[in-house]
Amino acid sequence: MVMDNTEFVMQKRRGIIVWVYSLKQLKTLKRFGLIHFVSRKMKYVVLYVNEEVVDETEEKLQGLHFVRQVERSYRPDIEMNFADRIGTKAAYQVKDDDELDVVEANTKIRLAETV
């Protein structure tokens with residue numbers, strides 16, 4: 001038995017939220033990607049698809065008669081490293097022209113003297 005020294009490469013994926021009129025066509029949606037979650041009450045399905053085929057899959061899903069709306073997840077576009085920003089003034093800074101003035105308030109915590 002010969003084993004290759006191949007590396008495991010993480011596949012970049014993106015979530016697509018598919019709002020449907022009816023959940024009867026779940027088997028059809030399985031063709032487009034991995035079904036992660038189904039909301040029977042609100043009638044939507046969360047699919048995960050490969051990043052390189054998101055645009056094509058989104059167009060195909062929009063063309064189906066039982067699909068109401070298709071939204072893509074923006075989570076991969078958001079920087080998730082908050083270690084540098086938590087508890088600092090940099091957490092409130094905006095990079096656009098709209099600057100926020102942040103004033104740190106010296107708030108004193110007092111216990112109730114009388115109950």
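As the structure is a computational prediction, the values presented were derived from the model and not from experiment.

Right, let's get into the overall build of the protein chain. Regarding its fold elements, the protein chain presents two helices and four strands. Each helix (α) and strand (β) of the protein chain, taken in turn from the N terminus, gives the series β-α-β-β-α-β. Put simply, of all contacts in the protein chain between residues at least 6 apart along the chain, 57% involve residues at least 24 apart. Per element, the accessible surface of the protein chain, about 10,400 Å² overall, is 52% carbon and sulfur.

Before going further, it helps to examine helix α2 (residues 54-62). Listed as buried for α2 are V54, T57 and L61. Down the axis of α2, the sector holding all buried residues measures 70°, keeping them to one side. Looking at α2, the residues exposed on the side facing more than 90 degrees away from the buried face are E59 and K60. Looking at the buried positions of α2, the neighbouring elements they touch are β1 (13-20), α1 (26-29), β3 (44-50) and β4 (67-72).

What counts, and where the lines are drawn
- Residues numbered from 1 in each chain as written.
- Predicted model: local features only at pLDDT ≥ 70, side-chain atom pairs only at ≥ 80, totals over all residues.
- Heavy atoms only, no water.
- Helix = DSSP H or I, 4+ residues; strand = E, 2+ residues; numbered from the N terminus.
- Contact = heavy atoms within 4.5 Å.
- Areas by Shrake-Rupley, 256 points an atom, 1.4 Å probe, with all protein chains shown as cover.
- Buried < 20%, exposed > 50% of the residue type's maximum accessible area, 1.4 Å probe, protein only.
- Arc of directions from axis to C-beta.

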